[in-house]
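# Architecture at a glance
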Amino acid sequence: MMQYYYYYYATPLLKTKLALSRQVSVITGQFSEFRVPRFMRSFLYRIYGQMYDVNFDDIVLDLVEFRNFQEFFTRAVKPRTFDQSEDKLICPADSRVLSITQIKGDETLLVKDKTYKLGYFLTGKQDMIIDDNILKQWTKGRNTNIYQVIFYLAPGDYHRYHSPAQFSIKSRCHVVGKLDPVKISHIEKKSGVYENNERVILFGQYVKGFMCMAMVGALNVGSIFLNYDIDFATNQWWSEELHKYIFYQKNIQIEKGEQVGMFKLGSTVVLIFEAEEVKWLVEPGQKVRWGDVYAEVK
């Protein structure tokens, strides 16, 4: 009863930190770092791979070199070639395309007939609404539109994510949140998953205009990492703010195809970008690999 009393009167930040999904993810993360005996590694990882359709041909190291499941989850893959053209955007991760849509307001397509609140998602502020004025700020009055593509990473996928274009990052928002499942069957039934889960959003520009890249945490995904900021960490007890927005004094320059960061286990990448016209080369439900071209932009 006393435990419930403390939770009832806790701050929103503390309530979020006490969420069951966060605690489960911490425990899972610790378990995944337990050392696996060398003689068992190949057998266990192949069992996991059969369950979750892992592409073993793509893995750089021999399976016995992964000391624990966490190292296996965050494994590197063999180098890939991809289209370097400025008007071609490439998939950021090995994943499945959940949805493709033009953003016209705050209620934005998530999957099938399910929508989510984009302003809350991007900022962590419930009263933030994406309206025509904000869309005009993003496009700076140009005759262009804003589009969104959502990529879902399954447990068997390669868990690192890459830049879809040459990306100049101006700011970062980190929203402390829950770590509920983001698998399709769950988000189709439960509202508010994307708005309430922990996430990291990168805002900036690419050659055609505005671009935003958001990484969403999920159950058992204890951490979201950024390659260019080794001190940054998510799902931490010492977080002092529910949402923290940082402007970089100097833009962070990420080359097309460059690794931006990684998830510890699978999750979701949301790409939002500006373009005058788009020719889609993928469709919802399609399985893709990072480096595949998903759109030609004008």
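Worth saying up front: this structure is predicted, and the values here are computed from it rather than measured. (Residues numbered from 1 in each chain as written. Predicted model: local features only at pLDDT ≥ 70, side-chain atom pairs only at ≥ 80, totals over all residues. Heavy atoms only, no water.)

### Remarks on the sheet that holds strand 12 (residues 259-263)
Spatially, the 3 strands line up as an open sheet ordered 6-12-10, and their pairing is antiparallel. Looking at the sheet topology across the chains shown, the edges are occupied by strand 6 (160-162) and strand 10 (224-226). Taken pair by pair, the neighbouring strands of this sheet meet at an average axis angle of 25 degrees, ignoring direction. Here strand 10 runs beside strand 12; their pairing, made up of 3 bridges, is antiparallel. The partner of Ile224 across the bridge, within strand 12, is Phe263. (Pairing = 2+ DSSP bridges. Helix = DSSP H or I, 4+ residues; strand = E, 2+ residues; numbered from the N terminus. Axes fitted to C-alpha atoms, helices over the stretch in contact; angles between N-to-C directions.)

### Observations regarding the confidence of the model for the protein chain
Per-chain confidence: the protein chain averages 87 in pLDDT, with 85% of residues scoring 70 or above. In the model, residues 1-10 has pLDDT below 50 throughout and makes 4 contacts with residues more than four positions away in sequence or in other chains. (pLDDT = per-residue confidence, 0-100. Contact = heavy atoms within 4.5 Å.)

### A word on the packing of aromatic side chains
Summed over all chains, the structure comprises 24 aromatic pairs. Both rings, one in Phe82 and one in Trp290, keep their centres 5.7 Å apart while their planes meet at 55 degrees; by these two values the pair is tilted. On the criterion of sequence distance, the pair formed by Phe82 in the loop between helix 5 (69-73) and strand 1 (88-90) and Trp290 in the loop between strand 15 (287-288) and strand 16 (293-297) is long-range, its members being 208 residues apart. With a relative accessible area of 7%, Trp290 lands in the buried category. (Phe/Tyr/Trp six-rings, centres within 6.5 Å; stacked < 30°, edge-to-face > 60°. Buried < 20%, exposed > 50% of the residue type's maximum accessible area, 1.4 Å probe, protein only.)

### As for the pairing of strand 3 (residues 107-111)
Of the pairings in the sheet, the one linking strand 3 to strand 4 (residues 114-117) comprises 4 bridges and is antiparallel in character. Each bridged residue has a counterpart across the sheet, and for Leu109 the counterpart in strand 4 is Thr115. Hairpin connection between strand 3 and strand 4: a loop of 2 residues separates the two successive antiparallel strands, and Lys112 in this loop has a positive phi of roughly 50 degrees.

### Re the side chain of Gln148
Mapped onto the elements of the fold, Gln148 is located in strand 5 (residues 145-152). A relative accessible area of 0% places Gln148 in the buried class. A polar contact is formed between the side chain of Gln148 and the backbone oxygen of Leu109, at a distance of 2.9 Å. In contact with Gln148, other than residues within four places in its own chain, are Ser99, Ile100, Thr101, Ile103, Thr108, Leu109, Tyr116, Leu118, Val270, Leu271 and Ile272. (Polar contact = N/O pair within 3.5 Å; in protein donor to acceptor, adjacent residues only side chain to side chain.)

### Here's the deal with helix 7 (residues 132-139)
Of the residues making up helix 7, those classed as buried are Ile134, Leu135, Trp138 and Thr139. Buried residues of helix 7 fall within an arc of 135 degrees about the axis and therefore sit on the same side. Within helix 7, the exposed residues directed more than 90 degrees away from the buried face are Asp132, Asn133, Lys136 and Gln137. Against the buried residues of helix 7 lie strand 2 (95-103), helix 6 (118-123), strand 5, strand 9 (209-216) and strand 13 (268-275). A side-chain oxygen of the first residue of helix 7 lies 3.1 Å from the backbone nitrogen of Asn133; this N-cap is Asp131. Note on helix 7: the residue one or two positions beyond its end, Lys140, has a positive phi of about 55 degrees. (Arc of directions from axis to C-beta.)

### Remarks on the sheet that holds strand 1
Within the open sheet, the 3 strands sit side by side as 1-16-14. Their pairing is antiparallel. Every other strand in the sheet has two partners, leaving strand 1 and strand 14 (278-280) as the edge strands with one partner each. Ignoring strand direction, the axes of neighbouring strands in this sheet form an average angle of 25 degrees. In this structure, strand 1 lies alongside strand 16, joined through 3 bridges in antiparallel fashion. Each bridged residue has a counterpart across the sheet, and for Ile90 the counterpart in strand 16 is Val293.

### Focus on the pairing of strand 5
Along any regular strand, the residues point their side chains to alternate faces of the sheet. With 7 of 8 residues buried, strand 5 lies mostly within the body of the structure. In this structure, strand 2 lies alongside strand 5, joined through 7 bridges in antiparallel fashion. Its bridge partner lying in strand 5, Val97 is registered against Phe151.

### Considerations on the nonpolar core
Counting residues in hydrophobic clusters, the biggest one holds 35 residues, and the most contacted among them are Tyr161, Met215, Phe273 and Tyr294. Core analysis: the next-biggest nonpolar cluster, separate from the first, contains 30 residues, Ile130, Val175, Val193 and Ala218 among them. (Core = buried A, V, L, I, M, F, W, Y, C linked by side-chain atoms within 4.5 Å.)

### Describing the pattern of salt bridges
Side-chain pairs of opposite charge can arise where the charged atoms are in close proximity. Applying the stated criterion to the full structure yields 10 salt bridges. The shortest N-O distance in the salt bridge between Glu107 and Lys117 comes to 2.8 Å. Of the two residues, Glu107 is situated in strand 3 and Lys117 in strand 4; the sequence distance between them amounts to 10 residues. With its nearest N and O atoms 2.8 Å apart, the salt bridge here joins Lys287 to Asp157. In this pair, Lys287 is assigned in strand 15 and Asp157 in the loop between strand 5 and strand 6, connecting sequence segments 130 residues apart. Look at Lys287 and you get partly exposed, because its relative accessible area is 42%. You can call Asp157 buried: its relative accessible area is 7%. Each of Asp58, Arg80, Asp94 and Arg289 takes part in salt bridges that share partners, so that together they form one network. (Salt bridge = Lys/Arg side-chain N within 4 Å of Asp/Glu carboxyl O.)

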